[in-house]
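Chain by chain, the residues:
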Amino acid sequence: MTGALSGIRVLDLSRVLAGPWASQTLADLGAEVIKIERPGAGDDTRGWGPPFAKDEAGNDTTEAAYYLTANRGKKSLTVDITKPEGQEVVRNLAAQSDVVLENFKVGGLAKYGLDYTSLAKINPKLVYCSITGFGQDGPYKDRPGYDFMIQGMGGLMSITGAPDEAPGGQPMKVGVAVADIFTGLYATIGILSALRHRDATGEGQHIDLALLDVQTAVLANQAMNYLTTGTAPERLGNAHPNIVPYEAFPSADGYLILAVGNDSQFKSFCAVAGLADLPSDQRYMTNRSRVANRETLVPLIRRAMVTKTTDEWIAALEKANVPCGPINTLDRVFDNPQVQHRGMIRYLDHPVAGKVPTVANPIKFSKTPISGETAAPMLGPHSDEILRKVADLSDEQIEKLRSAGII
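The following refers to the structure shown. Quantities reported herein were computed from a predicted structural model and do not represent experimental measurements.

Definitions and limits used
- Residues numbered from 1 in each chain as written.
- Predicted model: local features only at pLDDT ≥ 70, side-chain atom pairs only at ≥ 80, totals over all residues.
- Heavy atoms only, no water.
- Patch = residues over 30% accessible without salt bridge, like charges linked within 9 Å, V, L, I, M, F, W, Y side chains within 5 Å.
- Areas by Shrake-Rupley, 256 points an atom, 1.4 Å probe, with all protein chains shown as cover.
- Salt bridge = Lys/Arg side-chain N within 4 Å of Asp/Glu carboxyl O.
- Helix = DSSP H or I, 4+ residues; strand = E, 2+ residues; numbered from the N terminus.
- Disulfide = S-S within 2.5 Å.
- Buried < 20%, exposed > 50% of the residue type's maximum accessible area, 1.4 Å probe, protein only.
- Pairing = 2+ DSSP bridges.
- Right-handed = clockwise from strand over helix to strand, strands pointing away.
- Axes fitted to C-alpha atoms, helices over the stretch in contact; angles between N-to-C directions.
- Contact = heavy atoms within 4.5 Å.

1. Description of a nonpolar patch on the surface
A cluster of nonpolar side chains, namely Y140, Y146, M149 and M153, defines an oily patch on the protein surface of about 410 Å² accessible area. Along the polypeptide, Y146 turns up in the loop between β7 (127-132) and α5 (147-153).

Structure, rendered in structure tokens:
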């Protein structure tokens, strides 16, 4: 595999989503990623279905779509790390790797001699990234952490969903596991930074990432709204706390997102919507005044928006350079000509399913383009290759480990 990270080897002891998302990103960028899995079982997400990938006859395979989501481009090696022989295999591989990525409970790998302190003794240049729910220290460090609960504990659900007084109003989680995904991306950033430091100094280091820390960090402007005022933001549904109008409005046949980001765009919108008098009204002249008077402005916009279909509004507003868009279902997302032009859907060869779809990495490089992706691996097909080429084991040693159930 070629790419910006060609020559970097990642030993991936993580599973489920946050860690695998990070290692998949590294694989997309050209790193060799060796996914360590339990013999006979593998990553839990292999069974998180339906749906499952279909074989060429249309029958379900053993590979869940969830697993295929986060394990593209990797090699799978099955090792029982609870056994001394398996631990020795992982230590051997860590000595030949640049990065170790894991998401065990705090201290969970120390009893196997696979924690950072132990592995750094045999490879001082190792970049070792640990992902947990709450971090390596603090009063919650021993608690398990899952995305849904972290979205709640980290404040995201308190600002997501309709207000209590609105029909169906209640806190809502985001429709994908954003705490996991953001943590995976921060892990990628941290690993790349630590590799840069290692290249400059020869020193490896331990990266401590917590889902709760990440969820708190990505509260962005909502966090700063609270920290500067002392008032916790409330749920506004699809409305924006700092910009008006910036929400979903009902049209004659559905909904339309209107994202007016400045006063000039507001004037252009009003001209198209037959509300040309509003920009001269002191209550609505500036974004600041519109935010203060959203309760009177939004109903006026709603009455105008229901007079045309979503497509009619988009055609008219795009001509006036007013940001807007539909709320697409996923079938429309992947049928979108821009999404297709950008190559966001790819089909990868799979030994059982023939071809499996994948959502492409969105990074577009001019010099080191992402290429040569492979589908998420079946359980353990690369075991012999890795043990021979990386761990330098003989066929006899490999067969002995297999006979003992270690691999």
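Next comes the rest of the description.
2. Remarks on the state of the cysteines
Scanning the model with the defined rule gives zero disulfides in all. Here C270 stays unpaired: no disulfide links it, and the sulfur of C324, its closest cysteine neighbor, is 14 Å away.

3. Digging into the pattern of salt bridges
Scanning all chains against the criterion turns up 24 salt bridges. For D60, the salt bridge identified is with K54, shortest N-O distance 2.7 Å. Classification of K54 as partly exposed rests on a relative accessible area of 45%. In this structure, R91 engages E88 in a salt bridge whose closest nitrogen and oxygen atoms are separated by 3.4 Å. Within this pair, R91 and its partner E88 are both found in helix α3 (residues 84-95), separated by three residues, close to a single helical turn.

4. Description of the pairing of strand β1 (residues 9-12)
Here four bridges tie β1 to strand β2 (residues 32-37), and the two strands are oriented parallel to one another. Counted as the bridge partner of V10 is V33 from β2. Once you follow β1 into helix α1 (residues 18-28) and on to β2, the crossover reads as right-handed.

5. Some details on the sheet that holds β7
Across the sheet, six strands lie side by side as β5-β2-β1-β6-β7-β8; this open sheet has parallel pairing. Each of the sheet's edge strands pairs with one partner strand only, and the pair in question is β5 (75-78) and β8 (205-210). Shown here is a sheet whose adjacent strand axes are inclined to one another by a mean of 20°, direction ignored. Bridge count between β1 and strand β6 (residues 99-102): three bridges; the pairing is parallel. Bridge pairing links D12 to L101 in β6. Strand contacts of α3: β1, β2, β5 and β6, with the helix running at about 155° to β1, the strand carrying the most contacts.

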